[in-house]
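Here is how the chains run, residue by residue.
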Amino acid sequence: MDWPILSTITFLPLVGILALVLLRGEAAVVARNARYVALWTSIVTFALSLVLIGAFDTANPDYQFVEKVPWLPEYGINYHLGVDGISIFLLVLTTFLTPICVLASWDSIQSRVREYMIAFLAMEVLVVGVFCALDFVMFYIFFEGQLIPMFLIIGVWGGDRRVYSAFKFFLYTLVGSVLFLLAILYMYLQVGTTDIPTIAAHTFSREAQIWLWLALFASFAVKLPMWPFHTWLPDAHVEAPTAGSVILAGILLKMGGYGFIRFSLPMMPEASEFFTPFVFTLSVIAIVYTSLVALMQEDMKKLIAYSSVAHMGIVTIGIFTFTQQGIEGGIFQMLSHGIVSAALFLCVGVVYDREHTRAIAAYGGLVHRMPIYAVVFLVFTLASVGLPGTGGFVGEFLAVIGAFKANTWVATTALIGIILGAAYMLWLYRRVIFGELTKPNLKTITDLSWREIGVFVPLIGLTLFMGIYPKPILEVMHGSVTKLMTDSQLARVISPVGGDGLTPTIMIADER
Amino acid sequence: MAGFVAPDYLIALPEILLAGLACVFLMVGVFTGNRSTTPLTVASVAAMAIALALVLGFGGEKRTSFGDMFIVDTFTTFMKSLVLIGAGATLIMGLGYVRREGMNRFEFPVLIVFATLGMLLMISANDLMALYVGLELQSLSLYIVAAFRRDAVRSTEAGLKYFVLGALSSGLLLYGASMIYGFAGGTSFAAIAEGIKNYGAEGPPIGVLIGLVFIAAALAFKVSAVPFHMWTPDVYEGAPTPVTAFFSAAPKIAAVALLLRVVLGPFHEMVASWNQIIIFLSIASMAYAAFAAIGQRNIKRLLAYSSIGHVGYALVGLAAGSEEGVRGVLIYMAIYMVMTVGAFGAVLAMRQKGQMVEEIADLSGLGKTNPAMAAVVGIFMFSMAGIPPFAGFFGKLYVFLAAVNQGLYGLAIAGVLASVVGAYYYVRIVKVMYFDEPTEAFDRPVGRELTAVIAASGIITALFFAFPAPILQGAQAAAAALFP
């Protein structure tokens, strides 16, 4: 065991927090220094996570960079970290989006800058911790601890109805989480450890699986969010500051999908199979219903928030097909949505910073004054729609292939939802960017600054990269997903129904 | 008197020391008057520190003395340590308040020492009579300190209310004890256990059960579990703040210790009977406190409801009835003590223009006017709500672990759902501090000793997850003592 790189990545932002706490001086100086401290801390963390990718062994489907130290030995609880192909990119997505959030808040946050940056770095610690933790107690601490900084981010720096939204976010998520905690306690008492790989190898009785699955579902369905547990999301998004929405849409939602893949599928395979029609139903409703709702939104952030619910519906469909393509598509969709929705919220933030309104009706004809912005927005609109060549396409395509294998009706309805997605996104784009520039206050609006361009360039690059050459990313997750499909208990449950799901025949394997 | 054996005074040394010193302090106070209040307070804290050292030094294996009435084991060591730390910390915190707010009378520290002595006797009681003597010594001292600001209406009202209801509960206890004595044939815990066992398979007669119910009701009153909680909000609100802090830290722990000792000792055979009572008390306390606290405006009243809720969570562990459950209760109480001392420390620091304020609205914008204090109060609130990684989460984790292990799923689900409701009112305080616009800043400085206590409890609450071993191991050893 050499250098504990995962612990370093996880806890490095704490150093930044400490530095922020110790900053002294005049308010303006503290604010400026706080921004730089947060930016450099998050950039260094991101650089370290790139090192992690570089050192990741694609051929090994198991957990890598494992660190295991006894923490509460009387209870068999360890400090246990590790990443595999499923979690590593979610981790990198987190470290990638944090500096972007810091940059995006550079000018728009003027009050309590130091506390704001502390909250974001704390978020980074906790989210990275969630994706690394291989012990349930640790996982839960990281998972639940996020409520605190996110609650403060929404409530302190949010919009007019921030208090309502912050409470709604907090209590909704908490209800789901406490049931998850009881499930953890039950599993601990059955297995005698909270070690995630050990529990994944344990077979629970069918009845126990069903109760456990429901308890976990309560937590992940709220977090993801699935219809009808999604109502906190539009509120939270609308009121959160831009960077808060970016974190929320980019990363926090992914923890729900991650939870399904990491826990529900391998630990409760029978229950997962039992509940598949249920999940499909909710997902299909989510896709169609929230797409229709999105069509009618007058607030840009709310529209994108509803589109997130629809996209997450595709993720859950992909995951619960129990096919290689479906699960990989689900993960890929989470990654691309993490970038695309984050970028869309940043796009909203750009015009919000200038005009202080998110109402679609307040804009129009922006292309005349903001050509660069129009291009950037177009890229992400199309990526969100799932145009081939962008990251959104690959994920949706794989997930829908998986869905066709599992259930044609589900796949067909999901496709209808994707068409609706094109409708509301393109309509949004038309109303905001095209047309005549008639509104007097828009006549002086300025195009993107260099800092904003600097924020968007890496996001555009990544979206296109993921769309044009997804192989490196799929390759990394391939081993771990194959292991999930073949080695875990899931294989025993699905083998009689979907034998073709076991041999990775389509697409990825062929390409190789 | 051939069989007379001199009692083993050594094991009661902390109590003997406190009793002696309390009398000395009283004398010093009588002869020097109120100007010696501060030195006497410091001396009282020192006496408690020495008692703590003795408790820890002489703790360990189980020993009894005074004709089996007095017991010392790892359980008493743990609980006495908590009580002494809680009492000492609240006494230190209150120094500034006592000096400023017209409570500068030497009886205050002396009464607190007597109350603490009563609690130590309660914890070490191994006989219904010893139990009653300790309980009354504690209660009588507390009635007086609750009404210590005798010219303030609220304070005298609190003292009177506490006295009347407290006397009622003592009556219940005595009545229950007499029933038990009559049916089980003894007052010592060992004799009661023996008597109950002798009834054999068909179980003890109804008289024992009635006695048990009366004793449980009286003890539920002392720990302020619903439906015997009515006095708590009024007394907490009305009593002077340092007294309230003391109430929520020390007597509560002593009463929980007593409850554990009584139901698990003499009535161990009757698990099925008292278990239902405890489950009811637990669910009722958790749920009632969570809902009732939502509408509160006064921070002391809010913390009163919070303490009712916390007792409910602690009782979840007792309802499990296992060694693991008791360990959970002990961990919970230790963490609760730290959090509550810190929270009341923050209340003591709430002064505007030289006046104490206690409305939650007065905390508005504390995040801007005093970020350090706001951060610490925020930690206490999130911790009490049970949000990780703070200490309060671990307290809940261990009691629910025990409940799930005993198959009490309904209780566990009710508990976690109540904790979500409860989270609302804790988080509301964070909202007031961080989201609302600042009103008036609190006076500074808040005083060295107060800052030290708040900071210490804040650090313990925040960093418990990293260094849980001392409390976990202490609680483990203590719980083992109740399950021979």
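Above: the structure in question.
What you are looking at is a predicted structure, and each value in this text was computed from that prediction instead of being measured.

1. What about the overall build of chain B?
(1) Moving on: A tally of helices and strands in chain B yields 19 helices and 4 strands.
(2) Moving on: Against the compact-globule benchmark of 23 Å for 484 residues, chain B has a radius of gyration of 21 Å, which places it among compact chains.
(3) Moving on: Referenced to the eigenvectors of the C-alpha coordinate spread, the extents of chain B come out at roughly 70 × 60 × 40 Å.
(4) Moving on: Buried positions account for 62% of the 484 residues belonging to chain B.
(5) Moving on: By sequence separation, contacts in chain B at least 24 residues apart represent 82% of the contacts at least 6 residues apart.
(6) Moving on: Of the roughly 16400 Å² that chain B leaves accessible, carbon and sulfur atoms contribute 68%.
(7) Moving on: Looking at chain B, you have 27 positive and 26 negative side-chain charges, and the mean spots of the two groups are 8 Å apart.

2. Comments concerning the packing of helix α12 (residues 299-320) of chain B against helix α16 (residues 391-405) of chain B
All names here are of chain B.
(1) Moving on: Two elements in contact, α12 and α16, have axes whose closest approach is 7 Å; the angle formed by their N-to-C orientations is 35 degrees. When the axes of α12 and α16 are compared, the crossing they make is left-handed. Contact with α12, carried on its side by His310, Tyr313, Ala314, Val316, Gly317 and Ala320, involves Lys396, Val399, Phe400, Ala402 and Ala403 of α16 and no other residues of that element.
(2) Moving on: Among the residues forming the contact of α12 with α16, the class breakdown is 8 nonpolar, 2 polar and 1 charged.

3. Topic: the interface of chain A and chain B
(1) Moving on: In this complex, chain A contributes 31 residues to the contact, which on the side of chain B involves 38 residues.
(2) Moving on: Taken together, both faces of the contact between chain A and chain B bury some 3200 Å²; the carbon and sulfur share is 82%.
(3) Moving on: Remark: the boundary between chain A and chain B carries 0 salt bridges.
(4) Moving on: At the surface where chain A touches chain B, the tally comes to 3 residue pairs in polar contact (both at pLDDT 80 or more).

4. Section: the pairing of strand β2 (residues 77-83) of chain A
Residues and elements named next belong to chain A.
(1) Moving on: Across the 7 residues of β2, 7 count as buried, placing the element largely inside the fold.
(2) Moving on: Every second residue of β2 is oriented toward a common face, with Ile77, Tyr79, Leu81 and Val83 on one face and Asn78, His80 and Gly82 on the other, all of them buried.
(3) Moving on: Sheet topology places strand β1 (residues 64-72) next to β2; 6 bridges connect them, and they run antiparallel. Bridging across to β2, Leu72 finds its partner in Ile77.
(4) Moving on: Between the antiparallel neighbours β1 and β2 lie 4 residues, among them Gly76 with a positive phi of about 65 degrees.

5. Some thoughts on unusual backbone geometry
(1) Moving on: A cis geometry characterises the amide bond from B:Val226 onward to B:Pro227, with omega recorded as 5 degrees.
(2) Moving on: Structurally, the position occupied by B:Pro227 is in the loop between α8 (206-223) and α9 (231-238).
(3) Moving on: Note that the residue after B:Pro388, namely B:Pro389, is joined by a cis bond; omega there is 5 degrees.
(4) Moving on: In this fold, B:Pro389 is placed in the loop between α15 (371-385) and α16.
(5) Moving on: Backbone geometry at A:Phe65 places phi at a positive 55 degrees, although glycine is not the residue there.

6. Observations regarding the pattern of salt bridges
Side chains bearing opposite charge may pair, as long as their charged atoms lie close to each other.
All names here are of chain B.
(1) Moving on: Applying the stated rule across the entire model yields 23 salt bridges over all chains.
(2) Moving on: A salt bridge links Glu157 to Lys161; the shortest N-O distance between them is 3.0 Å. Linking Glu157 with Lys161, this pair stays in helix α6 (residues 153-184), spanning 4 residues, or about one helical turn.
(3) Moving on: Given the relative accessible area of 40%, Glu157 is considered partly exposed.
(4) Moving on: Given a relative accessible area of 28%, Lys161 falls into the partly exposed group.
(5) Moving on: For Arg301, the salt bridge identified is with Asp234, shortest N-O distance 3.1 Å. One end of the pair, Arg301, is in helix α12; the other, Asp234, is in helix α9, and 67 residues separate them in sequence.
(6) Moving on: Among the residues examined, Asp234 registers a relative accessible area of 23% and is labelled partly exposed.

7. Considerations on the state of the cysteines
Residues and elements named next belong to chain A.
(1) Moving on: Using the criterion set out here, one finds 0 disulfides over all chains in the structure.
(2) Moving on: Not engaged in a disulfide, the cysteine Cys101 finds its nearest cysteine sulfur in Cys347; these two sulfurs lie 14 Å apart.
(3) Moving on: By relative accessible area, Cys101 is classed as buried at 1%.

Basis of the calculations
Residues numbered from 1 in each chain as written. Chains lettered and ligands numbered in written order. Predicted model: local features only at pLDDT ≥ 70, side-chain atom pairs only at ≥ 80, totals over all residues. Heavy atoms only, no water. Helix = DSSP H or I, 4+ residues; strand = E, 2+ residues; numbered from the N terminus. Rg over C-alpha atoms; globule rule 2.2 N^0.38 Å. Buried < 20%, exposed > 50% of the residue type's maximum accessible area, 1.4 Å probe, protein only. Contact = heavy atoms within 4.5 Å. Areas by Shrake-Rupley, 256 points an atom, 1.4 Å probe, with all protein chains shown as cover. Lys, Arg positive; Asp, Glu negative; His and termini not counted. Charge placed at Lys NZ, Arg CZ, Asp CG, Glu CD. Axes fitted to C-alpha atoms, helices over the stretch in contact; angles between N-to-C directions. Left-handed = near helix turned anticlockwise from the far one by under 90°. Nonpolar A, V, L, I, M, F, W, Y, C, P; charged D, E, K, R; others polar. Buried area = accessible area lost by both parts, 1.4 Å probe. Salt bridge = Lys/Arg side-chain N within 4 Å of Asp/Glu carboxyl O. Polar contact = N/O pair within 3.5 Å; in protein donor to acceptor, adjacent residues only side chain to side chain. Pairing = 2+ DSSP bridges. Disulfide = S-S within 2.5 Å.

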